[in-house]
Structure formats: structure tokens, C-alpha cells
Amino acid sequence: MSDLAALTEAIKKGNRAEATKLTKAAIDGNVNPKDILSALVTGMDDVGVRFKANQIFVPEVLIAARAMKESMALLEPLLAKAGIKPAFTAVIGTVQGDLHDIGKNLVAMMWKGANIQVVDLGTNVSPEKFVAAAKEHNAQIVGLSALLTTTMPAMKTTVEAIKAAGLTQTKVVIGGAPITQEFATQIGADGYSPDAASAVDLARKLCAA
Ligand code: B1M
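Residues numbered from 1 in each chain as written. Predicted model: local features only at pLDDT ≥ 70, side-chain atom pairs only at ≥ 80, totals over all residues. Heavy atoms only, no water.

A. Just the packing of helix 5 (residues 102–113) against helix 9 (residues 196–208), in detail. Contact geometry for helix 5 and helix 9: axes closest at 8 Å, N-to-C directions at 50°. Between helix 5 and helix 9, the angle falls in the class oblique. Seen along the crossing, helix 5 lies across helix 9 with a hand that is right-handed. Along its contact with helix 5, which presents Leu-106, Val-107, Met-110 and Trp-111, the element helix 9 presents Ala-196, Ala-197, Ala-199, Val-200 and Ala-203. Tallied by class, the residues present in the contact of helix 5 with helix 9 amount to nine nonpolar, no polar and no charged. (Axes fitted to C-alpha atoms, helices over the stretch in contact; angles between N-to-C directions. Helix = DSSP H or I, 4+ residues; strand = E, 2+ residues; numbered from the N terminus. Parallel < 35°, antiparallel > 145°, perpendicular 65-115°, else oblique. Left-handed = near helix turned anticlockwise from the far one by under 90°. Contact = heavy atoms within 4.5 Å. Nonpolar A, V, L, I, M, F, W, Y, C, P; charged D, E, K, R; others polar.)

B. Highlighting the coordination of the cobalt atom of the ligand. Looking at the protein side alone, the cobalt atom of the ligand has one donor only, His-100 (NE2), at 2.2 Å. By the element assignment, His-100 lies in the loop between strand 1 (89–94) and helix 5. (Donors = N, O, S within 2.8 Å, 3.2 Å for Na, K, Ca; no water.)

C. Broad picture of the layout of surface pockets. The computed volume of the largest pocket comes to approximately 480 Å³. When residues in the lining of the largest pocket are grouped by element, the largest group, nine residues, is from helix 4 (residues 58–81). Across the lining of the largest pocket, the residue classes tally to 12 nonpolar, four polar and six charged. Formed jointly, the lining of the largest pocket draws a minimum of three residues from each of two domains, domain 1 (2–81) and domain 2 (89–208). Its volume calculated, the second largest pocket comes out at about 400 Å³. What lines the second largest pocket is a set of 25 residues, among which Gly-103, Lys-104, Val-107, Gly-175 and Gly-176 lie closest to the centre. At the level of elements, helix 5, strand 3 (141–145), strand 4 (171–175) and helix 9 are the ones that each hand at least two residues to the lining of the second largest pocket. A total of six residues in the lining of the second largest pocket trace back to one element, the largest contributor, which is helix 5. Looking at the lining of the second largest pocket residue by residue, the classes come out as 15 nonpolar, seven polar and three charged. (1 Å grid on protein atoms, 1.4 Å probe; cavity = no way out; pocket = protein on both sides within 12 Å on 5 of 7 lines; lining within 4 Å. Points joined across faces, edges and corners; volume = space filled by probe spheres on them. Domains from an automatic or database assignment.)

Shown next as C-alpha cells:
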């Protein structure tokens, strides 16, 4: 017997033991992998909504993301076998000169939770490395994070490098404590997101277009 509603609840609560148990039960019960994935994503979507509304905070998001990750590890072989692919691919990193990665990691986790394939380049990432990874992985979206006012110019350089490389279909989204929509517009980024949950909405919006 499988219970997808309970699986969604387990993700919402970040109960990884329950989430993996229910994922295994669903797999053993031959539930369509797509439906299992949908139950997991619904749980993470709810986490995103509550995080945006300041009803929960970073630790709860990390705990839910860990439950999601462990369930996904069980599900991934089945998804691959069934030919179910992630919605799209994103490359993410903290820009050159900047070593802050907590916010960037949150965005990466939320994107993964939304069934987006994420290539995480880490911190202190040069514009050239972003371009090379976007090309290599055929990324629909590139996410740049910066926490320092002194590294904000590296976002501009990276946006310019992506455009100069001819990656006109690749959307660039930016975020981080000192970043604003005004700055995003000024440097020609395709979008700005104030938090990790909104970054999911933004990626879905930009990549559905
Ligand atoms: Co640093 N640091 N730090 N730091 N640090 C800040 C950012 C600072 C504001 C502290 C202060 O002075 N009050 C200040 C920056 C000042 C400025 O530029 N205006 C600062 C400084 C000055 C520095 C150093 C220069 C200090 C020094 O050495 N003299 C140095 C720089 C090192 C470097 O990067 N080259 C430095 C170092 C460090 C540590 C290594 C000690 C550590 C980082 C550890 C790590 O990341 N692994 C650290 C930390 C922890 C902080 C604070 C305290 C917390 C940052 C954080 O993780 N917040 C920070 C002060 C503060 O913010 N209160 C500070 C939690 C995280 C969840 O939030 O990253 O904003 P945040 O992410 C949010 C949103 O911004 C958004 O989503 C997340 C939430 O949902 N978001 C995105 C982030 N990226 C996004 C990308 C998106 C979309 C949304 O799309 C792609």
C-alpha cells in the first residue's frame, strides 16, 4: 500500500525516515514514478510557500530538503528508467571573489525540490566557468548569488560573458542580500529573486516562456 498524501506530509515536516519509508513503499507498490515525484515536489512547494511567508525558517527548509534528497535518491533510478527527465537544467554558483554559499545552497536545494536538474559550481566562480558549464550542460537557466557589495560587479561581468558567448536562450537570474530588482535590470539579468522559494517561481516562469 502506498500513501502519496502522507509522503507529501512527510516532506513538509522534514521527516526523512517517514519520507524514505513511504517512497520505498510507493516504489514497491509499483506506483507510477511520476506520481511519486509529484508528491515530493508538492511537499517542497509547500515548504517554499511557508518559507516565503516567514512561517518557517532556514533550518526547517534544510531539514525538508534533506528528506527530499534522500527520497529522490531512491526514486532517481526509476525516473531514469521511465525516461522521466527533470523539467530543465540550471547552473548555479556564487560569483567570483565571493565565498558565501548558504543562500546559494538553499536556492540549489529548492530548485532540486522543484525537479530542476542543478549543476552547482560552488563559490568564487569566474564568468568563464559559468559560460563553460552553461554550454556543457545546455542550461536553460544560470543562477548567480552574491553577498558582498564588492562582488556585485562580478554579476555584471558574468551576465556580459554569457551574452558574449551567444547563449541568448539562457536566462540569468540573480540574488543575494545586497541585490535588488533595480540592479538586475541595470546589468541586464533576466530576473531577480529575493529568496530561495521565489527563485523556484522565477525559474518556472522564465523557463516556461
Ligand atoms: Co560574510 N558578510 N563576509 N561571511 N556574512 C556578510 C554578507 C555581511 C553583510 C556581514 C556584515 O558586515 N554585516 C558583510 C557584507 C557587507 C557588504 O558587502 N555590504 C560580510 C563581509 C564583509 C564578509 C567578509 C569580507 C568579512 C571579512 O573577512 N572581513 C568575508 C568575505 C569573504 C568572501 O566572500 N570573499 C566574509 C566571510 C564570511 C564567512 C566565511 C565567515 C561566512 C560565510 C559562510 C558561508 O557562506 N559558507 C559569512 C557569513 C555567514 C555572513 C552573514 C553573517 C550571513 C550570510 C548568510 O549566510 N545568510 C552575513 C550577514 C548577514 O547577512 N546577516 C555576512 C543566510 C542566507 C540564507 O541568506 O545568503 O542572503 P542569503 O540568501 C538568501 C537571499 O539573499 C536569497 O535567498 C536566500 C534565502 O532564501 N539568495 C538568492 C541568495 N542567493 C540567491 C541567488 C538567487 C536567488 C536568491 O538566484 C540565483
